[in-house]
Amino acid sequence: MIRTSFNDGWQFRPKVNPFAELAGTAVPFEPVIVPQDAMITRDRDATLGGAATAYFPGGAYEYRKTFPVPEEHRGKRIMLEFEGVYRDATVFVNGNYAGQRP
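Just so it is clear, the structure is predicted and the values come from calculations on it, not from any experiment. (Residues numbered from 1 in each chain as written. Predicted model: local features only at pLDDT ≥ 70, side-chain atom pairs only at ≥ 80, totals over all residues. Heavy atoms only, no water.)

### Structural notes on the nonpolar core
And step 1. Ranked by size, the top nonpolar core spans 6 residues in total: Trp10, Phe12, Val32, Val34, Ala38 and Tyr61.
And step 2. Leave out the neighbours within four places in its chain, and Val34 touches Phe6, Asn7, Trp10 and Tyr63. (Core = buried A, V, L, I, M, F, W, Y, C linked by side-chain atoms within 4.5 Å. Buried < 20%, exposed > 50% of the residue type's maximum accessible area, 1.4 Å probe, protein only. Contact = heavy atoms within 4.5 Å.)

This is the structure in structure tokens:
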């Protein structure tokens, strides 16, 4: 088995309604290296009453990554292992559903 770091080259953004994007309201992705906590980029708000979350607003985020697969991997079994995904992770590969962990 060959293990390769998969942490570089990711992008993230707040999860958006897909219908809003069809209407032309696109939220840009930002580059990031994982592991990363998306809430760290948000402003804190003491009026939220969330001392347990350090007054970050929370929310859902989506991450994406584009990567080349070498020709010598064609026809071989490839496993992607994600560690530390917070919750409700859904993975798509080339637009096809690959798995989910609630």
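Next, the rest of the story.
### Section: the packing of aromatic side chains
And step 1. The tally for this structure, following the rule as stated, stands at 6 aromatic pairs.
And step 2. Considering the side-chain rings of Phe12 and Tyr61, the 6.3 Å spacing of their centres and the 50 degrees angle between planes classify their relative orientation as tilted. Here Phe12 is found in strand 1 (residues 10–14), whereas its partner Tyr61 is found in strand 3 (residues 61–65), with 49 residues between them in sequence. Both residues of the pair, Phe12 and Tyr61, belong to the buried class.
And step 3. Aromatic side chains Phe92 and Tyr97 sit 6.0 Å apart centroid to centroid with 75 degrees between the ring planes, which places their arrangement in the edge-to-face category.
And step 4. By relative accessible area, Tyr97 is classed as exposed at 53%.
And step 5. The rings of Phe6, Trp10, Phe67 and Phe82 are connected pair by pair, giving a single aromatic cluster.
And step 6. Taking the ring centre of Phe29 as reference, the NZ or CZ of Arg64 above it sits at 3.8 Å.
And step 7. Geometry around Phe6 places Lys65 over its ring, the cationic atom sitting 4.6 Å from the centre. (Phe/Tyr/Trp six-rings, centres within 6.5 Å; stacked < 30°, edge-to-face > 60°. Helix = DSSP H or I, 4+ residues; strand = E, 2+ residues; numbered from the N terminus. Lys NZ or Arg CZ within 6 Å of the ring centre and 35° of its normal.)

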